[in-house]
Amino acid sequence: MAQKLFIVIPLLILMACEEKENVDPKVKIATPQRNAVLSKGEVVPIKALASDEDGSITEVTLYINGEEVGTSDQTTFIYWWNTADYEPDNYDIGALASDDEGANDAANISVLLGAAGGLNPDLEYDTLTDIEGNVYAAIEIGTQVWMAENLKVSQYPDGTPITEITDEDLWEGMGPDIQAFCWYDNQIDFRDTYGALYTWAAAMNGGLSSDTMGVQGVCPDGWHLPTDAEWKALEMHLGISEADADLFDWRGTDEGGQLKEEGFSKWNQPNAVANNSTGFTAVPGGFRSAMGIFYKMDENATFWTATADQESNSRAFYRGLSFSRGQVYRHSNNRQLGLSVRCVKDQ
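Residues numbered from 1 in each chain as written. Predicted model: local features only at pLDDT ≥ 70, side-chain atom pairs only at ≥ 80, totals over all residues. Heavy atoms only, no water.

*Asks:* Lay out unusual backbone geometry in plain terms, naming residues and giving numbers.
*Replies:* The step from Thr31 to Pro32 runs through a cis peptide bond, and the omega angle for that step is -5 degrees. Here Gln269 and Pro270 are connected by a cis peptide whose omega angle stands at 10 degrees. Mapping Pro270 onto the fold places it in the loop between helix H7 (255-259) and strand S17 (287-288). For Asn35, which is not a glycine, the phi torsion comes out positive at approximately 65 degrees. Structurally, Asn35 is set in the loop between strand S1 (26-31) and strand S2 (37-39). (Helix = DSSP H or I, 4+ residues; strand = E, 2+ residues; numbered from the N terminus.)

Here is the structure:
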C-alpha cells in the first residue's frame, strides 16, 4: 500500500511572512533643563534629540507655548531662542518628532523666564566715583539721591586701607569697634556684583552714631552713610506710613519690591513683588555673622545705617530685604556683622 506524504510548514515560516509592526520614534528636549530659570535677553539653545530604531526621522518641530518656532529633518535640532522678544513669564517648550511611517512622539518641559535684572532701563541715572576709581550708578528717589550699587571700596576717602579679615576665628574674636571688611565667602569675584561687607565701625570709619545727619564714614566725598531717619524718609516716600516706619521687623507692603532688582539672575525665586520701580536695584549680597560665617547670598540684602541702638552699646540699626517678601525689615543687630553699604548724597 502506498504511503501518503504530509508536508508540514513550520509556524515560524508563516510568522516570517507577517508584516513587522512599526516602532514609534522617540524625542527628548536636552536643553534647557526642565524648570530652568532663565533671564530675559539670554539667547537660549533649545536642543531636541530624536531617534527611530526601525526607520528614519522625517521631521522635528519645536514649539514655544504651542506656537511653532522651527522645524528640521535632522535627528539633532537646535533652535536658538532669543528671549529678548518675550516677556517674563512661565513658558512651555515642546518638541514633536515624526518618522517615515507617519508615527509621532512628543516631549514637553516648562521654564521660567525672569526679568533681565540690572538697573531700571526706564530711569535716568547719574554716577559717582570712589577713592579707588570705582564708578557707581546713582538714582534720585524723592528728595534723596542714593547709590544704585553696593559699595566695594577697600580704603577710606583719605586713602587709609580698611583691614580685610578673612579668617573665621579672627572675625569672631573682634569686638564691636573693630573696623574691618571682607568679600562674601572671601571670594573677590563677588566684588563687582555684590560689593563688600563691612562691620559697622568700618562703615562709620570710627565715627559717632547719628540719627539727624549722616556720617561720611566709608562713603566717597560728598556722600554719607544714611541714618535710620533717612531710611525712614525713603520708606515713607514709597508708601510706608509714618507710624509703621517706626516699627521693628517687617513693615509696609510692597516697598521692598520697589527697591529690589527684578528677575532671578541674582535673587532666588520668587523674588516677591520685585519691580525696581525706584531704580535702587538692591541685590542679595548676604551678610557675615558675628561668628564669621557667611549667610543668605541670593536671599537677603542688608544695609547698615549710621544710627546705633541707644539701648545697646554693641548694636546698630540696619535694613533688610528678602527674596520671599515685598516689605522692608528694620531692626538693630551686632555691630560685628558684615553688611552691605549704600551711600546717600549730601544735601
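So, next bit.
*Asks:* I'd like to hear about the pattern of salt bridges, residue by residue, with values.
*Replies:* Per the stated rule, a full pass over the model turns up 13 salt bridges. As a salt-bridge pair, Arg191 and Glu132 come within 4.0 Å of each other at their nearest N and O atoms. Residue Arg191 is found in helix H3 (residues 191-194), and its partner Glu132 is found in the loop between strand S9 (126-129) and strand S10 (135-141); the two are separated by 59 residues along the sequence. For Glu132, a relative accessible area of 27% translates into the label partly exposed. Salt bridges here are not isolated pairs; linked through shared partners, they connect Asp228, Lys232, Glu235, Asp246, Arg251, Arg319 and Arg330. (Salt bridge = Lys/Arg side-chain N within 4 Å of Asp/Glu carboxyl O. Buried < 20%, exposed > 50% of the residue type's maximum accessible area, 1.4 Å probe, protein only.)

*Asks:* Break down the pairing of S10 for me, with residues and values.
*Replies:* S10 sits mainly inside the fold: 5 of its 7 residues count as buried. Here 4 bridges tie S9 to S10, and the two strands are oriented antiparallel to one another. Bridging from a neighbouring strand, Thr127 pairs with Ala137 of S10. In this structure, the hairpin formed by S9 and S10 is closed by a connection of 5 residues, where Gly133 is found at a positive phi of approximately 90 degrees. (Pairing = 2+ DSSP bridges.)

*Asks:* So what's going on with the sheet that holds strand S13 (residues 180-182)? Residues and values would help.
*Replies:* Spatial strand order, S12-S13-S14: 3 strands in an open sheet with mixed pairing. Every interior strand has two partners, whereas the edge strands, strand S12 (163-164) and strand S14 (197-198), have only one. Bridge count for S13 against S14 is 2 bridges, and the pairing is antiparallel. Residue pairing across strands places Phe181 opposite Tyr198, the latter belonging to S14.

*Asks:* I'd like to hear about the packing of aromatic side chains, residue by residue, with values.
*Replies:* Two measures describe an aromatic ring pair: the distance that separates the ring centres and the angle between the ring planes. Taken as a whole and assessed by the stated rule, the structure comprises 17 aromatic pairs. The structure contains a cluster of three or more aromatic residues connected by ring pairs, namely Trp146, Trp231, Phe280 and Phe303. One cation-aromatic arrangement involves Lys260 over Trp267; the distance from NZ or CZ to the ring centre is 5.2 Å. For Arg330, the ring lying beneath its charged end belongs to Phe248, and the centroid distance is 4.9 Å. (Phe/Tyr/Trp six-rings, centres within 6.5 Å; stacked < 30°, edge-to-face > 60°. Lys NZ or Arg CZ within 6 Å of the ring centre and 35° of its normal.)

*Asks:* For the sheet that holds strand S3 (residues 43-51), give the residues involved together with the corresponding values.
*Replies:* Read from one edge of the open sheet, 3 strands run S1-S3-S6, paired in antiparallel fashion. The strands lining the two open edges of the sheet, one partner per strand, are S1 and strand S6 (76-82). Sheet twist, expressed as the average angle between the axes of neighbouring strands with direction ignored, equals 20 degrees. Where S1 lies against S3, 5 bridges are found, and the strand directions are antiparallel. If you follow Thr31 over to S3, its bridge partner there is Lys47. (Axes fitted to C-alpha atoms, helices over the stretch in contact; angles between N-to-C directions.)

*Asks:* Lay out the state of the cysteines with the relevant residues and their values.
*Replies:* One covalent bond between the sulfur atoms of two cysteine residues makes up a disulfide. This structure, assessed with the given rule, holds 1 disulfide. In this model Cys219 forms its disulfide with Cys343; the gap between the sulfur atoms is 2.1 Å. Torsion about the S-S bond of the Cys219 and Cys343 cystine: about -90 degrees, corresponding to left-handed handedness. In this pair, Cys219 sits in the loop between helix H4 (200-204) and strand S15 (223-224) while Cys343 sits in the loop between strand S21 (328-334) and strand S22 (344-345), placing the two residues 124 residues apart along the sequence. (Disulfide = S-S within 2.5 Å.)

From the geometry alone we can't say anything about function, so treat these as descriptive.
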